[in-house]
Amino acid sequence: MNTDQKADYLAEHTLRSCLLTTDHKRIGLLYLFSILFFFAIAAVAAALIRLQLISPTGGLLTTETYNRLFTLHGVFMVWFFLIPSIPSVLGNFILPLMLGARDLAFPKLNLLSWYLFNAGGLLALWAIVGGGVDTGWTFYAPYSTTYANGQVVTMVAGIFVAGFSSILTGLNFIVTTHQMRAPGLTWFRLPIFVWSLYATSLILVLATPVLAMLLMLVGIERIWGVGIFDPSLGGDPVLFQHLFWFYSHPAVYVMILPGMGVVSELIPCFARKRLFGYPFVAGASVAIAVFGFLVWGHHMFVSSQSPYAGMVFSFLSYMVAIPSAIKVFNWTATLYKGSIALDTPMLYALGFIGLFTAGGLTGLFLAALAVDVHVTHTYFVVAHFHYIMVGGMVLAFMGGLHYWWPKITGRMYPEQLGRLAALVTFIGFNLTFFPQFILGYLGMPRRYALYPPEFQFYHILSTAGASILGVGYALPVFYFLWSLKHGLRAGPNPWCATGLEWQTPSPPPPYNFETTPIVDSGPYNYPQPASPPPTPPPGEAPRMTNTES
Amino acid sequence: MLFPIWPDEAASGAQEVDQIVIGLVLMSLFFIIVVAGPILYFGFKYRRSRPANRVISHHNTWAIEITWTLVPLIIAVCFFVVAASVYFRQRHPPADAMEIHVIGKQWMWKIQHPQGKREINELHVPVGVPIKLLMTSQDVIHSFYIPAFRIKQDVLPGRYTSMWFVPQKTGEYHLFCTQYCGEGHARMTGKAIVLSKADYQKWLTSGEQSENPAKAGAELFRQYGCSGCHAGSRVVRAPSLVGLYGSVVPLEGNKTTIADDQYLRDSILLPNSQVVAGYEPVMPSYQGKLSEDALFSLIAYLKSLGPGAEEGGTQPLKYSNDMGAAQLLPSGSKGSAK
Ligand SMILES: [Cu+2]
Ligand SMILES: [Cu+2]
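Enquirer: What's the story with unusual backbone geometry in this structure? I'm lost.
Expert: Negative phi characterises most residues that are not glycine, and trans characterises most peptide bonds. That bond from A141 of chain A to P142 of chain A is cis: its omega, 0 degrees, falls within 30 degrees of zero. Looking along the chain, the bond that leaves S506 of chain A and enters P507 of chain A is cis, with omega of -15 degrees. Positionally, P507 of chain A belongs in the segment after α16 (456-486). Of note in the backbone geometry, N121 of chain B takes a positive phi value of approximately 60 degrees without being a glycine.

Enquirer: What am I meant to see in the domain arrangement of chain B here?
Expert: A common way to express how large an interface is: the accessible area buried when the components associate. Residues and elements named next belong to chain B. For chain B, the domain assignment lists domain 1 (7-47 + 93-210) and domain 2 (213-330). Opposite the 22 residues of domain 1 that make contact, domain 2 presents 17 residues. Together domain 1 and domain 2 conceal approximately 1,700 Å² of surface at their shared face, both sides included; 58% is due to carbon and sulfur atoms. Linking domain 1 with domain 2 are three salt bridges. Residues E99 and K303 are paired through a salt bridge, measuring 2.5 Å at the closest nitrogen-oxygen approach. Here domain 1 and domain 2 share four residue pairs in polar contact (both at pLDDT 80 or more) between them. Top element by residues in the side of domain 1 that touches domain 2 is strand β5 (residues 131-137). It accounts for five residues. Tallied by class, residues from the side of domain 1 that touches domain 2 come to nine nonpolar, nine polar and four charged.

Enquirer: Honestly, the coordination of the copper ion (ligand 1) in this entry has me stumped. Any pointers?
Expert: For a metal bound by four donors in tetrahedral geometry, the ideal donor-metal-donor angle is 109.5 degrees, whereas six donors in octahedral geometry ideally sit at 90 or 180 degrees. Residue and element names in this part refer to chain A. Bound to the copper ion (ligand 1) on the protein side are H249 (ND1), H298 (NE2) and H299 (NE2), at distances that span 1.6 to 2.0 Å. All donor residues of the copper ion (ligand 1) come from one chain, and their arrangement in sequence is H-x48-H-H. In this pair, H249 sits in helix α8 (residues 237-254) while H298 sits in the loop between α10 (278-291) and α11 (307-335), placing the two residues 49 residues apart along the sequence. Across this residue pair, the class does not change: H249 and H298 are buried.

Enquirer: What is the right way to look at the interface of chain A and chain B in this model?
Expert: With 88 residues of chain A at the interface, the matching set in chain B holds 87 residues. Sorting the residues of chain A by area buried against chain B places F329, K337 and Y441 of chain A first, and these three jointly supply 10% of that buried surface. Counting every contact that joins chain A to chain B gives one salt bridge. Of the charged contacts, one joins D236 of chain A and R159 of chain B as a salt bridge, the two residues approaching to 3.1 Å between their closest N and O atoms. Linking chain A to chain B there are 25 residue pairs in polar contact (both at pLDDT 80 or more). Per element, the largest residue contribution to the side of chain A that touches chain B is 15 residues, and it comes from α11 of chain A. Looking at the side of chain A that touches chain B residue by residue, the classes come out as 55 nonpolar, 22 polar and 11 charged.

Enquirer: Help me understand the coordination of the copper ion (ligand 2) in this model?
Expert: The coordination sphere of the copper ion (ligand 2), as far as protein atoms go, consists of C177 of chain B (SG), Q179 of chain B (O), C181 of chain B (SG) and H185 of chain B (ND1), spread over 2.1 to 2.7 Å. Mapped onto the sequence, the residues coordinating the copper ion (ligand 2) show the spacing C-x1-Q-x1-C-x3-H.

Enquirer: Sorry, what's going on with the layout of surface pockets here?
Expert: Taken as a whole, the second largest pocket encloses approximately 1,200 Å³ of empty space. Here the element with the most residues in the lining of the second largest pocket is helix α2 (residues 24-52) of chain A; it accounts for nine residues.

Enquirer: Can you walk me through the sheet that holds strand β7 (residues 151-155) of chain B in this structure?
Expert: Note: strands within a sheet are paired through backbone hydrogen bonds, in either parallel or antiparallel orientation. Residue and element names in this part refer to chain B. Taken in spatial order, the five strands make up an open sheet running β4-β10-β9-β6-β7, and their pairing is mixed. The outermost strands of the open sheet, each flanked by one partner alone, are β4 (122-126) and β7. The average angle at which neighbouring strand axes cross in this sheet is 20 degrees, direction not considered. Note that strand β6 (residues 142-146) and strand β9 (residues 171-177) share two bridges and pair antiparallel. Bridging across to β9, F144 finds its partner in C177. Packing of helix α3 (residues 197-205) onto the sheet brings it into contact with β4 and β10 (189-195), and relative to β4 it is tilted by some 130 degrees.

Procedures and definitions
Residues numbered from 1 in each chain as written. Chains lettered and ligands numbered in written order. Predicted model: local features only at pLDDT ≥ 70, side-chain atom pairs only at ≥ 80, totals over all residues. Heavy atoms only, no water. Helix = DSSP H or I, 4+ residues; strand = E, 2+ residues; numbered from the N terminus. Domains from an automatic or database assignment. Contact = heavy atoms within 4.5 Å. Buried area = accessible area lost by both parts, 1.4 Å probe. Salt bridge = Lys/Arg side-chain N within 4 Å of Asp/Glu carboxyl O. Polar contact = N/O pair within 3.5 Å; in protein donor to acceptor, adjacent residues only side chain to side chain. Nonpolar A, V, L, I, M, F, W, Y, C, P; charged D, E, K, R; others polar. Donors = N, O, S within 2.8 Å, 3.2 Å for Na, K, Ca; no water. Buried < 20%, exposed > 50% of the residue type's maximum accessible area, 1.4 Å probe, protein only. 1 Å grid on protein atoms, 1.4 Å probe; cavity = no way out; pocket = protein on both sides within 12 Å on 5 of 7 lines; lining within 4 Å. Points joined across faces, edges and corners; volume = space filled by probe spheres on them. Pairing = 2+ DSSP bridges. Axes fitted to C-alpha atoms, helices over the stretch in contact; angles between N-to-C directions.

Following this line, the structure appears as structure tokens:
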């Protein structure tokens, strides 16, 4: 039993304390519930899509329903799960702890962000209930503005509102990182997770307003018929694509940078090594955020964009791959001469490296102009971005959630089940999405409810994989819930990790630290691997690994 | 076969694209080995329960970082250059390519051959002949994709886009719309049918026939009163259109433009946006009065008035760059009449 009975941040249980809290940790939990709710909706849509595609002639869904489902899946996964997943849940919870701060710089704004996020999500949900939207998450004009039936305006309004939540969160993180660092915590002593949240926040603050403007223009054209994108009204449909991808390409990095940050925490901890090339990894995060703004045109190689613009965008896309490669190499080098424990978070982290590498390499296929002409708009693209977003971001999110679960709840989850879930997820993921690369190269277009029979074999593989992936997602739900009551008490630092978040009780007290910590060294200050690994102080649960023998 | 593993290669660019892809696959395997190999090896050798030499000797971090920055950089630049040069060729059809008109609409493809024959959701082409598709949409954005040719191009409303290829293997291949266009998107498919030259000629003359576009355009030219100002005894002073296509046009305000398909289209629909130097902006707009089909015919007629052509000629004569490139290319790429 934990002898420390002082009130932690979870002690209060009134409704008011839950819904009007300004504690970043509680808000992080609120976000966790929200995004899991939206994830569940989007996952059901994915399941139905995969079931429909078992047969080339469909049969389960009408094409109309199918189109609405993939739109729902895209919109909810991108804006209501992936973008807020790591920043708003783990970032919210961990960032102030990592900085040695009592809270974010603007706690009330933080709460407002959560309300805006839910308001946006509910609006989007209202659009679904009220008849749905069949434009795809990309809302390409003039289809979305003139031709589509359904609740396009409501859906767009939902995303518009949720965008403000992104902007406010980004702003909050930037100010917090600048202003609230503990004494001695200089920029180059910050954990990489902080660096990547900072880079992410820059993107959120700079790119989301463009999305907001674009969505407003879509609404204006749709409601009042003002010609902006529809050529029959005098507009330009390619302008829509430029604006959309000017936001959405950087948003891709919002959906991967925080994952890279999490992995940069996990690898040193479970290898008991300093992160190799720390300044390069930190610099790469910022480089990705900056160069990410210069490559949007690589989504438009066949859109009628000038071939010269295409070449510039292709070249810059190759350049933006380099910082990602640097990160992968540095993570790998960190393992060298480490003392490696393959605990659940580490399994997710290693899985992340593998799948992110595969996703990144196939990105080079898409950046190659002549190859992109063949594979863009096909399942190749679908597979590619799922490798980055599911293989990358979701695995990192799961890794981070397992890693910080003891900090968040004060309890350990069952380690063996955790490893099993990580393995099942990895296998299910590859079985789902690898066949889609082949499908795409064979020419199977995306967003097709029906398809020629020769593609069926790969679709069946993919659907089989998706059911395994579903098990991988469901397992943690059960054992996390179980652990809340029955998990072993974690103690402040079950992983013997460095980082300020581990120097306060689990769960932390309302204001995080009893005394403000003072920092006098860089992150990942693990003892020389030659000396025996440190053991937890007596009185706490032993680390749940089989490596002590 | 139960499941295909590689798509047919049925057009000129297909092998080139496949070669780049094979290069990319090999490069990917190399990097996967470079990353996954050490992860598995270190994960085993340095696992916590296993004694190993963990004393770190000093290494030059800068040298290592620079190496693994430069090696991928060089590889990346190589792939960029190769893929971009193939793309550049894909975007620039030869001057003698045969021009086929494609109109996309929810949810079908309407196609017309230069000789006049029309078809829907099927594209018959002769083997070994460079084909250029001049495409537009009547409603939303579509995308014309023939996987066996490794080529695709979005088809936009209000604008012409083009793509070209040389079919190299007779047979039937998939034709897909790959830009989501609404409820029937998945049904907006068809077939590209590559025939021998003789079979193509036979196919052209079989079945229902329709007038060739240039001839139909000549009729429209009279019917819509264009000839009143642009030809013969002129009531209003308007520029002559003989020899216009492909030439450099001086515009008001000391600008010039190339009279390509897009320019002709814009001049018919939005005549006051680009007024020829020395003329009054008096031409009425034909926006909403002409179908896409009629526009194609009118433009085909204007093309037949290109330099060296007789008035009322019947062959669509030559060809210019697609509109995306047109503004950027020197006018030297003009082709000569056949
Ligand atoms: Cu992108
Ligand atoms: Cu379509």
